[in-house]
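Architecture and fold: a report
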Amino acid sequence: MSQLALLPTYFPGALFRWLLFKGYPQERLLRQVTVSANQLKSSTATLSFSEHKQFIQNCLDVTDDPHLGLKFAAQIDLASLGMLGYAAMSCQTLENALMTFSDYYKLRSPLLVPKLKVAEQHATLYLVEPNDYANIALFMREAFVAGFVQIIQALTGEPTLGFSVTFNHPMPDHWCAVKNIDSVKFNQPSTSLSFPKTLLQKQLSSADAQTSHTLKEQCESLLNGPEPQLRVVEQVRKIIVSPSKPFLSLDRAADELSMSPRSLRRALQKEGCSYQQLVDQIRQELASEYLVNSQLSIKQIGYILGFENPPSFARAFKSWTGQTAGDFRKSHLNSELPNSGNST
């Protein structure tokens, strides 16, 4: 998944509303994010993967809680998952419900994709990571585990089910036991949640075959239907990263959208940003991606991103990140070195 892929904001919206309720300031939560508070509250906008990461990092910084993912996921209930939650509730068995999540969870969060696998004694939900979570990995993995513990308990009505968990990262500082989880292992190949296989055949009290069929059809339609109308910010982002016409001036971008430059400025201002802010944000996202995931030289990256000379790119990158491009590349290469050992 590209850093620039546009993703729904159901879970960022729920996290935003929860933290506002707890009294955290919205200005700090939305730092360097292009959506407005109202758009995020109502989950009507989309964000790039890079902005998702920025928003969650903001939440971690503002709350100063490294295990925010565990606490946030504990607030999630089936009703908050919308049509998908009701589709799962109306399934005949837990296995049917979890397969529904596997098929359609990307409608709510493409960044938390569950895959169900069944062995002789246990069933396991694996987290498929569509991209490098980087600095928000702990949040995402803990939210996945705690969220599906909550979901399975809500579907079955059973509070204690013998869950076992694996994480594909080292044991974090200040780790504490998670309620209703019997065992936890770190430094494993994947993040997963396991439970007794027999639980899959648990009959759900809310089962309704007709409702299940109807809601799954609607989920399928949403999954394969046309994309919703993009905001002006999103349309401009697509123009800026177009391979044939990268990093156009505002005047030329306005022409591509059949708007006057003045109208485009006003439209972007209404959505909480400026054209130059978008250009800088996209350049930062792409520069970071190229530095970590390509063999391009720093000079080549600056040229691709439209900088006239290497010093201009160097100054811009340091102003964005507080690091030189070379130090940024080295730090991320070092962070990808494999960890050894197994903590429980």
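Just above, that's the structure.
Let me sum up the structure you'll find in this document.

A word on the overall build of the protein
If you tally the helices and strands in the protein, you get 16 helices and 7 strands. Here the C-alpha radius of gyration of the protein, 22 Å, is about what a compact globule of 344 residues would show, namely 20 Å. Projected onto the principal axes, the alpha-carbon positions of the protein cover approximately 65 × 50 × 40 Å. When burial is assessed residue by residue, the protein has 49% of its 344 residues classed as buried. For the protein, long-range pairs separated by at least 24 residues make up 67% of all intrachain contacts whose partners lie at least 6 apart in sequence. Summing over all exposed atoms, the protein offers an accessible surface of approximately 17300 Å²; the carbon and sulfur share of this is 51%.

Section: the sheet that holds strand β5 (residues 163–166)
Within a beta sheet, neighbouring strands are joined by backbone hydrogen bonds and run either parallel or antiparallel to one another. Here we have 5 strands laid out as an open sheet, ordered β3-β4-β7-β5-β6, and mixed in their pairing. Where the open sheet ends on each side, the last strands, each with one partner, are β3 (113–118) and β6 (181–185). Pairwise comparison of adjacent strand axes, ignoring direction, gives a mean angle of 20 degrees for this sheet. Of the pairings in the sheet, the one linking β3 to strand β4 (residues 122–128) comprises 6 bridges and is antiparallel in character. Note on β4: the bridge partner recorded for lysine 115 is tyrosine 126.

A few points about the environment of valine 35
Position of valine 35 relative to the elements: it lies in the loop between α2 (26–29) and α3 (37–41). On the basis of relative accessible area, valine 35 is assigned to the buried category, the value being 4%. Sequence separation between valine 35 and phenylalanine 72 is 37 residues, and the spatial gap between their C-alpha atoms is 21 Å. Once you skip the residues sitting within four places of it in the chain, valine 35 turns out to touch Leu30, Leu40, Ala45, Thr46, Leu47 and Arg231.

Regarding the packing of helix α7 (residues 94–104) against helix α8 (residues 137–156)
Remark: α7 packs on α8, axes separated minimally by 11 Å, with the N-to-C direction vectors making an angle of 140 degrees. Regarding α7 and α8, the two cross each other, and that crossing is right-handed. Between α7, through Leu94, Ala97, Leu98 and Phe101, and α8, the contact on the second element is made entirely by Phe148, Ile151, Ile152, Leu155 and Thr156.

Some details on helix α13 (residues 275–293)
Quick reminder: α-helices carry 3.6 residues per turn. Residues three or four places apart thus point the same way. With 19 residues, α13 should cover 27 Å at 1.5 Å per step; its first-to-last C-alpha distance of 27 Å lies within 8% of that length. Three or more residues of α13 are buried, namely Tyr275, Leu278, Val279, Gln281, Ile282, Arg283, Glu285, Leu286, Ala287, Ser288, Leu291 and Val292.

Thoughts on the nonpolar core
Counting residues in each nonpolar core, the largest one holds 71 residues, and the members touching the most others are Leu15, Phe55, Leu98, Phe101, Phe139, Ile152 and Phe195. If you tally residues by element for this core, the top one is α8, at 12 residues. For phenylalanine 55, the residues in contact, after removing those within four places along its chain, are Pro12, Leu15, Phe16, Leu29, Leu30, Val33 and Leu40. Formed by 32 residues, the second largest nonpolar core is a distinct cluster that contains Leu248, Ala253, Leu291 and Val292.

Some thoughts on the packing of aromatic side chains
Two numbers describe a pair of aromatic rings. These are the distance of the centres and the angle of the planes. Counted under the stated rule, the structure contains 15 aromatic pairs. Taken together, a centroid distance of 5.7 Å and an interplanar angle of 90 degrees make the contact between phenylalanine 101 and phenylalanine 148 edge-to-face. Of this pair, phenylalanine 101 sits in helix α7 while phenylalanine 148 sits in helix α8, placing them 47 residues apart in sequence. Residue phenylalanine 101 shares its accessibility class with phenylalanine 148, and that shared class is buried.

Reading the values: the criteria
Residues numbered from 1 in each chain as written. Predicted model: local features only at pLDDT ≥ 70, side-chain atom pairs only at ≥ 80, totals over all residues. Heavy atoms only, no water. Helix = DSSP H or I, 4+ residues; strand = E, 2+ residues; numbered from the N terminus. Rg over C-alpha atoms; globule rule 2.2 N^0.38 Å. Buried < 20%, exposed > 50% of the residue type's maximum accessible area, 1.4 Å probe, protein only. Contact = heavy atoms within 4.5 Å. Areas by Shrake-Rupley, 256 points an atom, 1.4 Å probe, with all protein chains shown as cover. Pairing = 2+ DSSP bridges. Axes fitted to C-alpha atoms, helices over the stretch in contact; angles between N-to-C directions. Left-handed = near helix turned anticlockwise from the far one by under 90°. Expected span 1.5 Å × (residues − 1). Core = buried A, V, L, I, M, F, W, Y, C linked by side-chain atoms within 4.5 Å. Phe/Tyr/Trp six-rings, centres within 6.5 Å; stacked < 30°, edge-to-face > 60°.

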